[in-house]
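One-letter residues, chain by chain:
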Amino acid sequence: MSSGELFILKDAGGWIPVERFFEGDSTFKCLGLTRTQRLWGFLSCLVTGFALSITGAILLSWHQWFSFAVLYSVGGLVSLVGTGFVIGFTTQIHLMCKRVRLMAFMVFVGSMTGVIVNVIYCGTVILSIILVVVKYMAYIAYSLSYIPHVHSAILKLVGLRQH
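Keep in mind that what you see is a predicted model, and the values were worked out from it rather than measured. (Residues numbered from 1 in each chain as written. Predicted model: local features only at pLDDT ≥ 70, side-chain atom pairs only at ≥ 80, totals over all residues. Heavy atoms only, no water.)

*Asks:* Quick rundown of the overall build of the chain? Include the residues and the values.
*Replies:* Of regular secondary structure, the chain possesses eight helices and two strands. Reading the helices (α) and strands (β) of the chain from amino to carboxyl end gives β-β-α-α-α-α-α-α-α-α. For the chain, buried positions account for 37% of its 163 residues. Intrachain contacts of the chain at a sequence separation of at least 6 include 67% that bridge at least 24 residues. Entry remark: accessible area of the chain is about 9700 Å², with carbon and sulfur atoms responsible for 71%. (Helix = DSSP H or I, 4+ residues; strand = E, 2+ residues; numbered from the N terminus. Buried < 20%, exposed > 50% of the residue type's maximum accessible area, 1.4 Å probe, protein only. Contact = heavy atoms within 4.5 Å. Areas by Shrake-Rupley, 256 points an atom, 1.4 Å probe, with all protein chains shown as cover.)

Quick look at the structure:
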C-alpha cells in the first residue's frame, strides 16, 4: 500500500481500494465533485437527516405528532439522498431495487410510511419509537449494501458464514 492510496475495507482476500467504493464517478463529472467532496456530502446528509429525525423524536415525547412525522420523514429522505453522493444519484435510482438492497429499501420506506399512518390514525408513541429504530436499522443495511463485500464481511463477523 503506497502512502497516497486510501483503502476503506479489509476483506478476506485483501484490501479493497477506494476506487471500487465510488462506483458512479460519471454522475459527478458534470458537478465537478471530488471523491472527498462526495464523502462530505454523504456524511453531511447522514448527520442532517439523523439530526432532523432526532429532533422529531424529541417532539414526539412532547406529543407534537405532526411535527414529529414531518421531521422524521424529511430526515429519512435527506439520509437517503446522502447515499447518492457515494454511488451517484442516477446509479442509486437504478440500483435501489437490486436484490441485495431491495428488502432494506422497502423496510426503510415502509417505516416512514408507517409513522405517517400511525400519526394520522393511531397516535401510538411506542409504535412510533419502534418504527424509528426499524428505519435506522434499514438505512444502515441499505447504505452498507453499496460498499463492496461488506455484506459478506458482516455475515462473517456475526458468525453466520464460515471464514
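Now that the structure has been shown, the text picks up again.
*Asks:* Requested: an account of the nonpolar core, with residues and values cited.
*Replies:* Note that soluble globular proteins tend to have their nonpolar side chains buried in a common cluster. Ranked by size, the top nonpolar core spans 26 residues in total, and within it Phe68, Tyr72, Val115 and Tyr142 carry the most contacts. At eight residues, helix α4 (residues 65–87) tops the list of elements feeding residues into this core. (Core = buried A, V, L, I, M, F, W, Y, C linked by side-chain atoms within 4.5 Å.)

*Asks:* Outline unusual backbone geometry, supporting the account with residue identities and numerical values.
*Replies:* Notably, His63 is not glycine yet its phi reads approximately 60°, a positive angle. Counting through the fold element by element, His63 comes out in the loop between α3 (35–61) and α4.

*Asks:* Go over the side chain of Asn118 with me, naming the residues and quoting the values.
*Replies:* You can see Asn118 is positioned in helix α6 (residues 99–122). Engagement of the side chain of Asn118 in a polar contact is seen with the side chain of Ser128, the distance being 2.6 Å. Those residues in contact with Asn118 that lie beyond four places of it in its chain are Gly123, Thr124, Leu127 and Ser128. (Polar contact = N/O pair within 3.5 Å; in protein donor to acceptor, adjacent residues only side chain to side chain.)

*Asks:* Account for the packing of α4 against helix α7 (residues 125–144), with residues named and values stated.
*Replies:* Orientation of α4 relative to α7, taken along the N-to-C sense of each, is 5°, at an axis distance of 11 Å. Classified by the interaxial angle, the pair formed by α4 and α7 is roughly parallel. In this structure, α4 uses Trp65, Phe68, Tyr72, Gly75, Gly76, Ser79, Leu80 and Thr83 to contact α7, whose residues at the interface are Val125, Ser128, Leu131, Val132, Lys135, Tyr136, Tyr139, Tyr142 and Ser143. Among the residues forming the contact of α4 with α7, the class breakdown is 10 nonpolar, six polar and one charged. (Axes fitted to C-alpha atoms, helices over the stretch in contact; angles between N-to-C directions. Parallel < 35°, antiparallel > 145°, perpendicular 65-115°, else oblique. Nonpolar A, V, L, I, M, F, W, Y, C, P; charged D, E, K, R; others polar.)

Purely spatial values, then, with no claim about function.
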